[in-house]
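Each chain, written out:
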Amino acid sequence: MRAQDSATASSPIAVAEPPATSSTASAASRTEASAAAAHGPAAASPAHQPTAAAPSPATAPGRSGTVLAGLGVVAFSLTFPATAWGLESFGPWSLVALRSVLAALVAGGVLLAARVPLPARRHWAGLAVVGGGVVVGFPLLTTLALQTSTTSHAAVVVGLLPLTTAVLGSLRTGERPSRLFWGAALAGAAVVIVFTVRESGGALAAGDLYLFGALLVCAAGYTEGGRLARVMPGWQVIGWALVLCLPLAVAGSLVALPLEPVRLTAHGVVGLVWVAAGSTFLGLYVWYRGMAAIGVARASQLQLAQPLLTLVWSFLLLGEEISAAAPVAAVAVLVCIAATQRADRRGARTSRAVRTPARRP
């Protein structure tokens, strides 16, 4: 009788249960998985549950951003020697105008081939700052400076650019580097200032004034470009900035070329091509991508290596005599790079530790 009752009782359950659908089976699987997890050791505390590891500055995005920004620095380090070569064939105004025209044609062709839509109206003011700083202002002022300064001297003076960029970036983007970062950056800047005054005989030359002006406009262009590279690809930032400056560059070429003599040489043509395609377009493309990945302040300090690299290129390509103080100053600011990068990584770890809530056992 009990066996009959038991069989009778189990029968309605078997009949009433509907056939399992895929969603029902998935739900059942999830329920079983949850139940199994509840009996396992991982369920003892939420702290033991597996979670996705938060990315750190040493992960792939941080490393790739550093590599990209570093490639930009290498491209920029060739700018002064290439400009010196370009001045063998063109006047300063013609060289700057032609490099902007050629770079804009390359950028415009890439934008057309990729069918990139026009940027939003709110981004055009920032693109104008990028164009005025890195497409027009910095090339023009440094080219004028190189008529009276050597490339090695100009390279070390431009070693102030990382500090200038870090300051403007902090004001514009809200980045807050640590005190150790600022200490190392100021130390690098002090080395550059001492070197500049020593090389100038205790007084600033006209070329130095051009270079200091170039620092300000270039830092503004770098900062704004790094900010825009967070909302659009870096190559589009410099691409649209170049296209925006194209009418001005064409007008400048039409005015300057008849007034300044042109004596084409192999060095002059190579120098023009490099400053147009290498420094202005490709260099700024990887530079802005790197800045978007690791931040304006951290990327800017990588540029402390640029004077040392430019000194090497000036010696190899131009045969310039380098004073004993120049490599010492360059190495000193190179040491400051390591300090700023370490300070930035330490600050990032501390910031994440403060933001991460403590888990209860």
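Quantities reported herein were computed from a predicted structural model and do not represent experimental measurements.

### Regarding the overall build of the protein
Within the protein one finds 15 helices and 0 strands. Burial statistics for the protein: of 361 residues in total, 44% are counted as buried. Pairs at least 24 residues apart make up 89% of the contacts formed inside the protein by residues separated by at least 6 positions. Entry remark: accessible area of the protein is about 18,300 Å², with carbon and sulfur atoms responsible for 68%.

### Quick look at the packing of aromatic side chains
Throughout the structure, instances matching the rule amount to 5 aromatic pairs. Seen from their ring centres, F76 and Y222 are 6.0 Å apart, and the 20° between their planes marks the pair as stacked. With F76 in helix α3 (residues 60-77) and Y222 in helix α10 (residues 206-228), the pair connects residues that are 146 residues apart, well separated along the chain. Like Y222, F76 is buried. Three or more aromatic residues joined by ring pairs form one cluster here, namely F76, Y222 and W287.

### Considerations on the pattern of salt bridges
Inspection of every chain in the model, using the stated rule, returns 1 salt bridge. Between R227 and E224 there is a salt bridge, with its nearest N and O atoms 2.6 Å apart. Pair noted here: R227 and E224 are both in helix α10, with a separation of 3 residues, about one helical turn. For R227, a relative accessible area of 25% gives the class partly exposed.

### Remarks on the confidence of the model for the protein
Looking at the protein as a whole, its pLDDT mean stands at 76, while 73% of the residues score no less than 70. Per-residue pLDDT stays below 50 along residues 1-58; that stretch engages in 17 contacts with residues further than four places along the chain or on separate chains. Note on residues 350-361: pLDDT under 50 across the span, and 7 contacts to partners over four residues away in sequence or across chains.

### Here's the deal with the packing of helix α5 (residues 92-113) against helix α12 (residues 266-294)
With their axes 8 Å apart at the nearest point, α5 and α12 run at an angle of 55° to one another. Of the possible angle classes, the one that applies to α5 and α12 is oblique. In terms of crossing hand, the pair formed by α5 and α12 is right-handed. Contact residues: L95, L98, R99, L102, A103, V106, A107 and V110 in α5; L272, V275, A276, S279, T280 and F281 in α12. A breakdown of the residues in the contact of α5 with α12 according to their chemical character gives 11 nonpolar, 2 polar and 1 charged.

### Structural notes on the side chain of T143
Note that T143 resides in helix α6 (residues 124-145). Of the polar contacts made by the side chain of T143, one reaches the backbone oxygen of P139; its length is 2.6 Å.

### A closer look at the nonpolar core
V134, Y222, W287 and Y288 are the most contacted members of the largest nonpolar core, which totals 55 residues. Not counting chain neighbours up to four residues away, the residues in contact with Y222 comprise F76, V134, L161, T165, L284, W287, Y288, M291 and Q303. Counting 7 residues, the second-largest nonpolar core is a separate cluster that includes V156, A325, A326 and A330.

### Some remarks on helix α11 (residues 234-259)
Each full turn of the α-helix corresponds to 3.6 residues, which orients residues three or four apart in the same direction. Across its 26 residues, α11 extends 36 Å between first and last C-alpha, which sits within 8% of the 38 Å expected from 1.5 Å per residue. Roughly 45° is the biggest bend found in α11, and it falls at L246, with proline P247 one to four residues downstream.

### With respect to the packing of α10 against α12
The contact between α10 and α12 brings their axes to 8 Å, and the two run at 65°. The chirality of how α10 crosses α12 is right-handed. Residues G221, Y222, G225 and G226 of α10 touch α12, and the partners they reach there are L284, W287, Y288, M291 and A292. Broken down by class, the residue content of the contact of α10 with α12 amounts to 6 nonpolar, 3 polar and no charged.

### A look at the environment of V156
Following the sequence through the fold, V156 ends up in helix α7 (residues 151-157). On the basis of relative accessible area, V156 is assigned to the buried category, the value being 3%. Remark: the alpha-carbon pair of V156 and F195, spanning 39 residues in sequence, is separated by 7.8 Å. Not counting chain neighbours up to four residues away, the residues in contact with V156 comprise V192, F195, P307, L311 and A329.

The rules behind each value
- Throughout this description, residue numbers start from 1 for each chain and increase along the sequence as written.
- Local features in a predicted model are, by the rule used here, given only for residues with pLDDT of at least 70; side-chain atom pairs are given and counted only at 80 or more, and totals for whole chains, interfaces and linings are based on all residues.
- Side-chain metrics rest on all non-hydrogen atoms present in the structure, leaving aside hydrogens and water.
- Only DSSP runs of H or I covering at least 4 residues are called helices, and only runs of E covering at least 2 are called strands; the numbering of each starts at the N terminus.
- Working definition: with a 1.4 Å probe on protein chains only, accessible area under 20% of the residue-type maximum means buried, over 50% means exposed, and in between means partly exposed.
- Contacts: residue pairs with any heavy atoms within 4.5 Å of one another.
- Reported accessibility uses the Shrake-Rupley method at a 1.4 Å probe radius. Residues are deemed covered only where the shown protein chains occlude them.
- When the centres of two rings from Phe, Tyr and Trp lie within 6.5 Å, Trp using its six-membered ring, the rings pair. Their planes under 30 degrees apart give stacked, over 60 give edge-to-face, and anything left gives tilted.
- Take a side-chain nitrogen of Lys or Arg and a carboxyl oxygen of Asp or Glu: if they are within 4 Å of each other, that pair is a salt bridge.
- Summary of the metric used: pLDDT quantifies the predictor's per-residue confidence within the range 0 to 100.
- In this description, a line fitted to the C-alpha atoms serves as the axis of each element, helices being fitted only across the stretch in contact, and the angle between N-to-C directions of two axes falls anywhere from 0 to 180 degrees.
- Oblique is the label for every angle not falling under 35 degrees (roughly parallel), over 145 degrees (roughly antiparallel), or within 65 to 115 degrees (roughly perpendicular).
- Crossings are assigned a handedness: left-handed for a near helix turned anticlockwise from the far helix by less than a right angle, right-handed for a clockwise turn.
- Ten residue types, Ala, Val, Leu, Ile, Met, Phe, Trp, Tyr, Cys and Pro, are classed as nonpolar, four, Asp, Glu, Lys and Arg, as charged, and the remainder, Gly among them, as polar.
- Any pair of nitrogen or oxygen atoms within 3.5 Å is treated as a polar contact; in protein, a donor-acceptor pairing is required on top of that, and neighbouring residues in sequence qualify only through side-chain atoms on both sides.
- Put simply, a nonpolar core is a bunch of buried Ala, Val, Leu, Ile, Met, Phe, Trp, Tyr and Cys residues held in one set by side-chain atoms that sit within 4.5 Å of each other.
- Every helix has an expected span of 1.5 Å times one less than the residues it contains.
- The bend at a residue is defined as the angle formed between two axes, one fitted to the seven residues ending at that residue and one fitted to the seven starting there.

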